[in-house]
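Chain and residue survey
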Amino acid sequence: MQSPEAEASFRRVFGKTAGQAEMFANRLVKRRRHLSKWARRSGAGAYLLYDRDIPEVPLRVEYYPDLSASGRAGRGALSLSLYRRPYYKAGADEDAWLAAMKTAAAERLGLDTADIFFRLRERQRNGARYGRAADTRALREVCEYGLRYRVNLSDYLDTGLFLDRRLFRALVRSAAAGRRVLNLFCYTGSVSVAAADGGAAAVDSVDISNTYLDWARENFALNGLYPLPAAPGQDEGPFRFIRADALRFVEQRVGETWDIIILDPPAFSNSQKMAVDFDLRRDHPALISRCLKLLEPDGTLYFSANSKGFAINRDALPAALDLENITEKLRDEDYRGKRIPEAYRISPRTNTELSKQKFA
């Protein structure tokens, strides 16, 4: 039998959790009411539903509609992530708190708790987006602006599709016609799919992980862009999937050039598969400079930096560059007021432009 003090403490904790669950569920309902209409009108597909909107509820929630239901109410799945708390919370207490949040979300959104998939989000210091945490294979397809992507809601740190890159994929898709595209650190190849569908003359997707290159092939196949199965090392036609350390790749690809290069490196990696450790803040000027050597004179380099507080070191880059910060142009409706990766459009200045500057 509990002491009066213990029982009073339990009631306080339970009451606090219940109150947070109610606030959380109310916020989800309000956000989905707005974003579901926007997503259907725009064709955005999956969207960010919640991201630490309430400080006491440090969760991130992504909503994945059921393609077969075409957005009907009460269908879909949630990817629910808990940010690492700055203070200790006992495991049993955390589990009970999470169960309360999941139950509240499921009841208010008309979902089954089996369709709410949980992961812990914390700062990764070794390129751990490639780590596999489970083998449940809760697979879904997302339809985004008419393109289909495979997502895994259960097994990895991320689902395989970065929702904050939605407008970036659309940008590359609109710019790719007739161009040769190189996608470095390609992950599951969603940007490569967008480029290929946009009419790119060739798309080369480079990643160090065979798992993610196979996932990229599946995404191509979903869109009728690449036949499966493919024999190892037998990538034919205009779409190549290249297993390589991207840092080494840009050093060794002498004499080959592309019209568009996508550079979206991790913030940090000390993976044993890579030749050297990589730190985005320290190493981005050298990496960008190497990529520029592989770029056609009239080409474009798109550089993305997913590191909080990142600032590009313009002084360490070649002087003859046009550099535009396009971050805000890539902020979609579900990311209003949220942090998104920094993004830049970089291109060499032509000789004509340099001459104008010289004699101005």
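Nothing here was measured: the structure is a model prediction, and the numbers come from that model.

Digging into the confidence of the model for the protein chain
Per-residue pLDDT for the protein chain averages 86, and the proportion of residues at 70 or more is 82%. Scored below 50 in pLDDT, residues 69-74 makes 7 contacts in the model with residues more than four places away or belonging to other chains. Taken together, the stretch residues 351-360 has pLDDT below 50 and engages in 4 contacts with residues farther than four places along the chain or on a different chain.

Structural notes on the pattern of salt bridges
Two side chains that carry opposite charge are able to pair once their charged atoms sit near each other. A complete count under the given rule lists 25 salt bridges for this structure. Here Arg148 makes a salt bridge to Glu141, at a shortest N to O gap of 2.8 Å. Taking relative accessible area as the criterion, Arg148 reaches 32% and is therefore assigned partly exposed. A residue is classified by how much of its surface remains accessible, and Glu141, at 23% relative accessible area, is partly exposed. It is possible to trace a salt-bridge network through shared partners that takes in Arg180, Asp204, Arg240, Arg253 and Glu256.

Quick notes on the pairing of strand 8 (residues 202-207)
Counting buried positions along strand 8 gives 6 out of 6 residues, so the element sits mostly inside the fold. Where strand 7 (residues 180-184) lies against strand 8, 5 bridges are found, and the strand directions are parallel. Across the sheet, residue Leu182 finds its bridge partner in strand 8, namely Asp204. In this fold, strand 7 hands off to helix 4 (residues 190-197), which returns the chain to strand 8; that crossover is right-handed. Note: strand 8 against strand 9 (residues 239-243), 5 bridges, orientation parallel.

Here we look at the environment of Ser154
As for its position among the elements, Ser154 is in the loop between strand 6 (147-152) and helix 3 (166-175). The exposure class assigned to Ser154 is buried, which follows from its relative accessible area of 15%. Each C-alpha atom of the pair Ser154 and Ala138 lies 5.5 Å from the other, and the pair is 16 residues apart in sequence. Here the side chain of Ser154 touches Ala138 through a polar contact of 3.0 Å, landing on its backbone nitrogen.

So, the packing of aromatic side chains
Counted under the stated rule, the structure contains 13 aromatic pairs. Pairing Phe24 with Tyr50 gives two aromatic rings, centres 5.0 Å apart and planes at 85°, and the pair type is edge-to-face. With Phe24 in helix 1 (residues 4-42) and Tyr50 in strand 1 (residues 47-51), the pair connects residues that are 26 residues apart, well separated along the chain. On the basis of relative accessibility, which here comes to 0%, the residue Phe24 falls in the buried class. With a centroid separation of 5.3 Å and 40° between ring planes, the pair formed by Tyr47 and Tyr63 is classed as tilted. Within this pair, whereas Tyr47 is found in strand 1, its partner Tyr63 is found in strand 2 (residues 59-64), the two being separated by 16 residues in sequence. Grouped by ring-pair contacts, the aromatic residues Tyr156, Phe162, Tyr187, Tyr212 and Trp215 constitute a single cluster. Lying across the ring of Trp97, Arg85 places its NZ or CZ 4.4 Å from the centre. Positioned above the aromatic ring of Tyr149 is the side chain of Arg169, whose terminal nitrogen or guanidinium carbon lies 5.8 Å from the ring centre.

Concerning the side chain of Thr300
By the element assignment, Thr300 lies in strand 13 (residues 295-305). On the accessibility criterion, Thr300 (13% relative accessible area) is buried. In this view, Thr300 contacts Asp259, Ile260, Ile261, Leu295, Arg345 and Ile346; residues no more than four positions away in its chain are not counted.

Quick word on helix 5 (residues 210-222)
The terminal C-alpha atoms of helix 5, which comprises 13 residues, lie 18 Å apart, in line with the 18 Å expected from a rise of 1.5 Å per residue. Of all the positions in helix 5, only Tyr212, Leu213, Trp215, Ala216, Arg217, Asn219 and Phe220 are classed as buried. Where helix 5 is buried, its residues meet strand 6, helix 4, strand 8 and strand 9. Where helix 5 begins, the side chain of Ser209 points an oxygen toward the backbone nitrogen of Thr211, at a separation of 3.3 Å. Count one or two residues on from helix 5 and you reach Gly224, which has phi positive near 65°.

Calculation rules
- Residues numbered from 1 in each chain as written.
- Predicted model: local features only at pLDDT ≥ 70, side-chain atom pairs only at ≥ 80, totals over all residues.
- Heavy atoms only, no water.
- pLDDT = per-residue confidence, 0-100.
- Contact = heavy atoms within 4.5 Å.
- Salt bridge = Lys/Arg side-chain N within 4 Å of Asp/Glu carboxyl O.
- Buried < 20%, exposed > 50% of the residue type's maximum accessible area, 1.4 Å probe, protein only.
- Helix = DSSP H or I, 4+ residues; strand = E, 2+ residues; numbered from the N terminus.
- Pairing = 2+ DSSP bridges.
- Right-handed = clockwise from strand over helix to strand, strands pointing away.
- Polar contact = N/O pair within 3.5 Å; in protein donor to acceptor, adjacent residues only side chain to side chain.
- Phe/Tyr/Trp six-rings, centres within 6.5 Å; stacked < 30°, edge-to-face > 60°.
- Lys NZ or Arg CZ within 6 Å of the ring centre and 35° of its normal.
- Expected span 1.5 Å × (residues − 1).

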